[in-house]
Amino acid sequence: MSKSLFTDASSRLERALKYVSISDDAIERLKYPKASLSVSIPVRMDNGTLRIFQGYRVRYDDTRGPGKGGVRYHPNVSIDEVQSLAFWMTFKCALLDLPFGGAKGGITLNPKELSKAELERLSRGYIEGIADFIGPDIDILAPDVYTNEMIMGWMMDQYSIIQRKISPAVVTGKPLTMGGSRGRDTATGTGAFHVINSLLPKLDKKPANTTVAVQGFGNAGAVVADLLAKAGYQVVAVSDSQGGIYREKGLDIASIREYKQEHRGITAIYCEGTVCNIVEHEAISNEELLALDVDVLIPAALENQITAENADRVRAKYIFEVANGPTTSEADRILDSKGILVFPDILVNAGGVTVSYFEWVQNRSGLYWRLNEINERLKERMVTEAEKVWSFAQEFDISLRNAAYAQAIARLGEALDAKGTRDYYQNKTRA
Ligand SMILES: NC(=O)c1ccc[n+]([C@@H]2O[C@H](COP(=O)([O-])OP(=O)(O)OC[C@H]3O[C@@H](n4cnc5c(N)ncnc54)[C@H](OP(=O)(O)O)[C@@H]3O)[C@@H](O)[C@H]2O)c1
Ligand SMILES: N[C@@H](CCC(=O)O)C(=O)O
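Residues numbered from 1 in each chain as written. Chains lettered and ligands numbered in written order. Predicted model: local features only at pLDDT ≥ 70, side-chain atom pairs only at ≥ 80, totals over all residues. Heavy atoms only, no water.

## Some points on the site of ligand 2
Link 1 in the chain: By nearness alone, 14 residues border ligand 2, and Lys 68, Lys 92, Lys 104, Asp 144 and Ser 356 come closest of all.
Link 2 in the chain: The side chain of Lys 68 places a nitrogen or oxygen atom 2.7 Å from an oxygen atom of ligand 2.
Link 3 in the chain: With respect to ligand 2, the side chain of Lys 104 contributes an N or O atom lying 2.8 Å from an oxygen atom.
Link 4 in the chain: Expressed as a share of its isolated accessible area of 290 Å², the protein-covered part of ligand 2 is 95%.
Link 5 in the chain: Residue contributions to the shell around ligand 2 peak at three residues, all from helix 12 (residues 351-365).
Link 6 in the chain: For the shell around ligand 2, the residue count by class is four nonpolar, five polar and five charged. (Near = heavy atom within 4 Å. Polar contact = N/O pair within 3.5 Å; in protein donor to acceptor, adjacent residues only side chain to side chain. Areas by Shrake-Rupley, 256 points an atom, 1.4 Å probe, with all protein chains shown as cover. Helix = DSSP H or I, 4+ residues; strand = E, 2+ residues; numbered from the N terminus. Nonpolar A, V, L, I, M, F, W, Y, C, P; charged D, E, K, R; others polar.)

## Topic: the packing of helix 6 (residues 187-199) against helix 7 (residues 219-230)
Link 1 in the chain: Taken N-terminus to C-terminus, the directions of helix 6 and helix 7 make an angle of 45 degrees; their axes are 7 Å apart at the nearest point. Overall, the two elements helix 6 and helix 7 adopt an arrangement that is oblique. With respect to the hand of their crossing, helix 6 and helix 7 are arranged in right-handed fashion. Across the interface between the two elements, Thr 188, Gly 189, Thr 190, Ala 192, Phe 193 and Ile 196 from helix 6 touch Asn 219, Ala 220, Val 223, Val 224, Leu 227 and Leu 228 from helix 7.
Link 2 in the chain: Grouping the amino acids of the contact of helix 6 with helix 7 by side-chain chemistry returns eight nonpolar, four polar and no charged. (Axes fitted to C-alpha atoms, helices over the stretch in contact; angles between N-to-C directions. Parallel < 35°, antiparallel > 145°, perpendicular 65-115°, else oblique. Left-handed = near helix turned anticlockwise from the far one by under 90°. Contact = heavy atoms within 4.5 Å.)

## Quick word on the side chain of Arg 64
Link 1 in the chain: Secondary-structure assignment places Arg 64 in the loop between strand 2 (50-61) and strand 3 (67-68).
Link 2 in the chain: For Arg 64, a relative accessible area of 19% translates into the label buried.
Link 3 in the chain: At 3.0 Å, the side chain of Arg 64 and the side chain of Asp 97 are in polar contact.
Link 4 in the chain: Once residues lying within four places of it in the same chain are set aside, the contact partners of Arg 64 are Cys 93, Ala 94, Asp 97, Leu 98, Pro 99, Phe 100, Arg 411, Leu 412 and Ala 415. (Buried < 20%, exposed > 50% of the residue type's maximum accessible area, 1.4 Å probe, protein only.)

## Overview of helix 7
Link 1 in the chain: A rise of 1.5 Å per residue sets the reference length of helix 7, with its 12 residues, at 16 Å; its end C-alpha atoms lie 17 Å apart and thus fit the reference within 8%.
Link 2 in the chain: Every buried residue of helix 7 is listed here: Ala 220, Gly 221, Ala 222, Val 223, Val 224, Ala 225, Asp 226 and Leu 228.
Link 3 in the chain: Trailing helix 7 by a residue or two, Gly 232 shows a phi angle of about 100 degrees, which is positive. (Expected span 1.5 Å × (residues − 1).)

## Description of a negative patch on the surface
Link 1 in the chain: A cluster of like negative charges, contributed by Asp 24, Asp 25, Glu 414 and Asp 417, occupies part of the molecular surface.
Link 2 in the chain: Of all the secondary-structure elements, those providing two or more residues to the negative patch are helix 2 (24-30) and helix 14 (400-419).
Link 3 in the chain: Considering the arrangement of structural elements, one finds Asp 24 in helix 2.
Link 4 in the chain: By relative accessible area, which is 62% here, Asp 24 ends up exposed. (Patch = residues over 30% accessible without salt bridge, like charges linked within 9 Å, V, L, I, M, F, W, Y side chains within 5 Å. Salt bridge = Lys/Arg side-chain N within 4 Å of Asp/Glu carboxyl O. Lys, Arg positive; Asp, Glu negative; His and termini not counted. Charge placed at Lys NZ, Arg CZ, Asp CG, Glu CD.)

What follows is the structure, given as structure tokens:
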């Protein structure tokens, strides 16, 4: 039987514990999610039939602050996946020193098959189901795969209806007109760009001599690809769920983004002024993209993309994980033995939740920041934490993943110990 995603995810905790000293009580607490909720969501479809969807919310840990994490709409969503994503959020928020714990939600469905009205009823129904489990001081939602600011707006509105007061801080990644933050829509890709652009020079890599392949061309992948291309990196391959394109000389990412927004697929369209042409490129599969001979590989789609089965075929020198959990722990060992450096998800993709934190702060203070303020704060946080992870890994000669987890675990351990074990209450109940 194959390992569950959570078993694999939590093996990262076990491995990193060697490099940090926290109490046994804290270790025990970090092994289990604090609370999980599973809900059935009845939705009246446009054709009059009733469909029941399964939804989940897991709060993994809230020692350092309210739970925080996105909501995913995808056919493969399961409690095991949501729990793993909530686990990663816990370590990501601690690594970035955000005053949040980790949480995640999801609904099992293919959202591409629903109309806009059906999606709205589903999103509002999900909030009906989990309303008692979330809140601006309890657990705060955000976008993830196949959810977006429109859906976050519906969710915030539904929660406000239930509470009978406007509660913007329960959801981040909302439309600007509903209390969203400037820069949240591009935050994940921008944060990843800062990590890549600040760490690659340490490896003597300059943009012009660095080739890049990006798997996944959504909120996270398209933005990082665009920023890298604009900074002079050679982005030679990109893909979406239907497959990818490769061009040795580099792709025009801005035009591909434009095309992707209008149509669903990816094509290399090059525009000069108002004249646009499809330029010669090679169509490649996602498997082929992962095996390209490039300097930098950026998985920015789903988990379990680089596994024990294909890790041996990876030829990139550096992997920057923009997706959550794209590399399995067995693949990590293989990549390590091949000398491939993996920059871990909990660092690389933390820009999204960092600007979510800024959004939450703005919602609670009522004072809204300019885009350049957001971007400066984001850059400062991402570069600082990236440098710390890099130095820790160098100093102890350990993987960047172990270094990132060790730092997050140290912060979590300190907070857990500061709170104590709460034995007092338990003993009183027993007495
Ligand atoms: N959004 C955030 O703020 C954020 C923050 C941190 C981490 N992340 C992580 O980043 C990853 C991507 O999230 P996102 O927000 O960018 O989602 P998104 O906007 O929904 O985009 C997902 C992209 O991945 C593509 N995709 C789906 N299945 C694929 C497959 N099997 N192979 C290759 N590409 C595939 C999709 O293709 P189609 O367009 O064809 O459907 C789409 O281009 C996830 O792991 C997410 O957890 C997101
Ligand atoms: N879903 C995103 C964003 C979470 C958030 O902004 O709360 C992540 O995995 O980090």
